[in-house]
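# Close look at the chain arrangement
Spelled out, the chains give:
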Amino acid sequence: MRIDGRGFNELRPIKITRNYTKYAEGSVLVEFGDTKVICTASFEDKVPPFLKGTGEGWITCEYGMLPRSTQTRKPREVSKGRPDGRTVEIQRLIGRALRSVVDLKAIGERTIWIDCDVIQADGGTRTASITGAFIALVDAVNKLDKEINFEVYPIKSYVAAISVGVVDDVPMIDLCYQEDSSAKVDMNIVMTDKDEYIEIQGTGEDRPFSKEELNKLLELAEEGLKKIFTLQKEVLGIDGNRIGERKEINDEVDSCEQQQSQSTGD
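Starting from 1, residues in each chain are numbered consecutively following that chain's sequence as written. pLDDT decides what is reported in this predicted model: residues at 70 or higher carry local features, side-chain atom pairs at 80 or more are listed and counted, and totals for whole chains, interfaces and linings draw on all residues regardless. Remark: hydrogens and water are excluded; side-chain values derive from all non-hydrogen atoms of the structure.

## Considerations on helix H4 (residues 211–236)
- The end-to-end C-alpha distance of H4, which contains 26 residues, comes to 37 Å, matching closely the 38 Å that a straight helix rising 1.5 Å per residue would cover.
- The helix and strand labels rest on DSSP assignments: H or I over at least four residues marks a helix, E over at least two residues marks a strand, and numbering proceeds from the N terminus. One or two steps after H4, the chain reaches Gly237, where phi turns positive at roughly 55°. Here the expected length of a helix is defined as 1.5 Å per residue gap, with one fewer gap than residues.

## Quick notes on the UniProt feature "binding site: phosphate" (unreviewed entry) in the protein chain
- Per the UniProt record, "binding site: phosphate" (unreviewed entry) is annotated on Arg86, Gly124, Thr125 and Arg126. Taken together, the annotated residues stretch across 41 residues yet fold into one region, lying no more than 13.2 Å apart by C-alpha. Checking the named residues against the largest pocket, the ones that line it are Arg86, Gly124, Thr125 and Arg126.
- On the secondary structure map, Thr125 appears in helix H2 (residues 125–148).
- Those residues in contact with Thr125, other than ones at most four positions away along the chain, are Thr35, Val37, Tyr63, Arg86 and Val118.
- Here a polar contact is recorded for every N or O atom pair within 3.5 Å, except that within protein the pair must consist of a potential hydrogen donor and a potential acceptor, and residues adjacent in sequence are included only if both atoms are side-chain atoms. Within the local environment of Thr125, its side chain forms a polar contact with the side chain of Arg86, the two groups lying 3.3 Å apart.
- With respect to the helices, strands and loops of the structure, Arg126 is situated in helix H2.
- Apart from residues lying up to four places away in sequence, Arg126 is in contact with Arg86, Glu89, Ile90, Leu93, Asn188 and Gln201. UniProt positions are given in the numbering used here, feature names are shortened, and annotations may be inferred rather than shown by experiment. Of the two site types, the cavity is a set of points on a 1 Å grid over the protein atoms alone where a 1.4 Å probe fits but cannot get out, and the pocket is an open set with protein on both sides within 12 Å along at least five of seven lines, each lined by residues with an atom within 4 Å of a point. By the convention used here, residues are in contact when the closest approach between their heavy atoms is within 4.5 Å.

## Side note on the pattern of salt bridges
- By definition here, a salt bridge exists when the distance from a side-chain nitrogen of Lys or Arg to a carboxyl oxygen of Asp or Glu is within 4 Å. A full pass over the atoms with the stated rule returns 18 salt bridges.
- The salt bridge partner of Asp122 is Arg12, with a shortest N-O separation of 4.0 Å. Highlighted residues: Asp122 in the loop between strand S5 (111–120) and H2 and Arg12 in the segment before strand S1 (14–18), separated in sequence by 110 residues.
- Arg12 sits in the buried class, given a relative accessible area of 4%. Remark: exposure states derive from per-residue accessible area (1.4 Å probe, protein chains only) relative to the maximum for the residue type, with buried under 20%, exposed over 50%, and partly exposed in between.

## Quick look at the confidence of the model for the protein chain
- Scored from 0 to 100, pLDDT records how confident the predictor is in each individual residue. Mean pLDDT over the protein chain stands at 91; residues scoring 70 or higher make up 90%.
- Between residues 248–257, whose pLDDT stays under 50, and residues either more than four places distant or in other chains, the model counts two contacts.

Written out as structure tokens, the structure reads:
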């Protein structure tokens, strides 16, 4: 049994609360056990200079941890004058993960800002951030879609992430902080709901790992992410159940209704 009594292939309790803050176009509180992150998505009607005139949009992320999100106070990075290397790495990962499932041409010359603020950390903050930020992204895109009616619906598939690792020579999923800090192998997996890999971050912290261990960790991650995708779809409900095909389905429905109307003479 693990520290918190879970099985090796068992996720922590996951909770996703939509519309968590008042002003952002999309906002979520995501909880993986005792890890809690507020994720927001905001639109801005401009793009970085390298994209001006291209007709293409951009998605970028800022990530941070509140001072007492950890067991001992973590100084605010603004007091240091710049983010540390870990912060930069994580916010780039979140941005890459979300851009990979969005048609940036479809959103036009707009920037979607993703902000992930860790209010309590117990391992897996980057994977929780990606999982929650995707829901905030969908809500923001759907809100804009109602205003401008995207010609092509921008979001192509779901995305989520999970941590896996080898602790005491046992492969396990969704590591808490104590497990993560003692893991011999540590890995973060980002995938789509179409069984596509976006990113695999794997490190032998204490020793090299075998191909057999790698395959076992990937298998654990895939099984866990299927459960997370199911939860994401339940949380989004009708707002998100047509991601990747929603516009095409609407077009087909409109076409069928027109044909029926013509055949009845209405």
